[in-house]
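In case you want the letters, here they are:
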Amino acid sequence: MLCEGRGLPITVALSPGQQHETTMVGSLLEAVSIAGKRGRPRTRFATVAGDKAYDSMPARQTIVRRGSVPLVPHRKRRDGTYRPQAQRFDRRRYRRRNVVERLIGKIKEYRRIATRYDKLAESFLAMVVLGFIRVWLKTLLSYTA
């Protein structure tokens, strides 16, 4: 699942249950196409944040190839130390990653998505997209926003 800085969903991709989520980074970033102002649609983000699971060279290289800066905390080595690149990690900016976790929580409020009653991936994906639409409509039509 990919969202923008305010926690509004942009795109989602499904993978088999036994496949690690970092293998989907490329397809998620390629699916980004945000229309708005005149001209070509925006297809990249300035920064892409992810949790420690995305601390692999292939995931980081995919993010960089798409023109974004990876904001991913480094995992410890086996000896308990961090790589030298870990000192450049921006903790203050990384705290904003919680918007993704909150979006997942909002989507999982819909019981059909949280428990995945659907047998087919297409049906489940359609329900997730309907959840996305509800989140967008709630934000756009809110009088308190």
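What counts and what doesn't
Residues numbered from 1 in each chain as written. Predicted model: local features only at pLDDT ≥ 70, side-chain atom pairs only at ≥ 80, totals over all residues. Heavy atoms only, no water. Helix = DSSP H or I, 4+ residues; strand = E, 2+ residues; numbered from the N terminus. Buried < 20%, exposed > 50% of the residue type's maximum accessible area, 1.4 Å probe, protein only. Contact = heavy atoms within 4.5 Å. Areas by Shrake-Rupley, 256 points an atom, 1.4 Å probe, with all protein chains shown as cover. pLDDT = per-residue confidence, 0-100. Axes fitted to C-alpha atoms, helices over the stretch in contact; angles between N-to-C directions. Parallel < 35°, antiparallel > 145°, perpendicular 65-115°, else oblique. Left-handed = near helix turned anticlockwise from the far one by under 90°. Nonpolar A, V, L, I, M, F, W, Y, C, P; charged D, E, K, R; others polar. Core = buried A, V, L, I, M, F, W, Y, C linked by side-chain atoms within 4.5 Å. Salt bridge = Lys/Arg side-chain N within 4 Å of Asp/Glu carboxyl O. Arc of directions from axis to C-beta.

Per the secondary structure count, the protein includes six helices and four strands. Order of helices (α) and strands (β) in the protein, N terminus to C terminus: β-β-α-β-α-β-α-α-α-α. In terms of overall dimensions, the protein has C-alpha extents of about 45 × 40 × 30 Å along its principal axes. Counting over 145 residues, the protein shows a buried share of 31%. Counting contacts in the protein only where the partners sit at least 6 residues apart, residues at least 24 apart contribute 41% of the total. Just so you have it, the protein exposes about 10600 Å², and 53% of that area is on carbon and sulfur atoms.

Moving on, we come to the confidence of the model for the protein. Per-residue confidence for the protein gives a mean pLDDT of 85, with 98% of residues at or over 70. Across the protein, helix α6 (residues 121–140) holds the top mean pLDDT of 92, while helix α3 (residues 91–94) sits lowest at 84.

Here we come to the packing of helix α4 (residues 98–107) against α6. It is the contact of α4 with α6, at a shortest axis distance of 10 Å, that shows an interaxial angle of 110°. As judged from the angle between their axes, α4 and α6 are roughly perpendicular. Classified by chirality, the crossing of α6 by α4 is right-handed. Touching Leu103, Lys106 and Ile107 of α4 are Gly131, Phe132 and Val135, all from α6. Partitioning the contact of α4 with α6 into residue classes produces four nonpolar, one polar and one charged.

Here the focus is the side chain of Asp118. Tracing the backbone shows Asp118 in the loop between α5 (111–115) and α6. In this view, Asp118 contacts Arg112, Ser123, Phe124 and Met127; residues no more than four positions away in its chain are not counted.

Turning next to the nonpolar core. Membership of the largest hydrophobic core is limited to 12 residues, which are Cys3, Leu8, Val12, Val99, Val100, Leu103, Ile107, Ile113, Phe124, Val128, Phe132 and Val135. Apart from the residues lying within four places of it in its own chain, the contact partners of Phe132 are Met1, Pro9, Thr11, Val12 and Ile107. Among the nonpolar cores identified, the runner-up in size contains 10 residues, and Leu29, Val32, Phe45 and Val72 belong to it.

Side-chain pairs of opposite charge can arise where the charged atoms are in close proximity. Scanning the entire structure with this criterion turns up five salt bridges. Arg6 is the salt-bridge partner of Glu4, the closest N and O atoms lying 3.2 Å from each other. Its relative accessible area of 18% is what places Glu4 among the buried residues. Of the charged contacts, one joins Asp55 and Arg60 as a salt bridge, the two residues approaching to 3.1 Å between their closest N and O atoms. A relative accessible area of 4% places Asp55 in the buried class. Several salt bridges converge on common partners, so that one network encompasses Asp55, Arg60 and Arg75.

Attention shifts here to helix α2 (residues 57–65). Residues spaced three or four apart along an α-helix point in a common direction, a consequence of the helix completing one turn every 3.6 residues. For α2, the complete set of buried residues consists of Ala59, Arg60, Thr62 and Ile63. Projected onto a plane normal to the axis of α2, the buried residues spread over an arc of 160° and lie on a single side. Every exposed residue of α2 that faces more than 90 degrees away from the buried side is listed here: Pro58 and Arg65. Here the buried face of α2 lies against α1 (25–30), β3 (47–49) and β4 (69–71).

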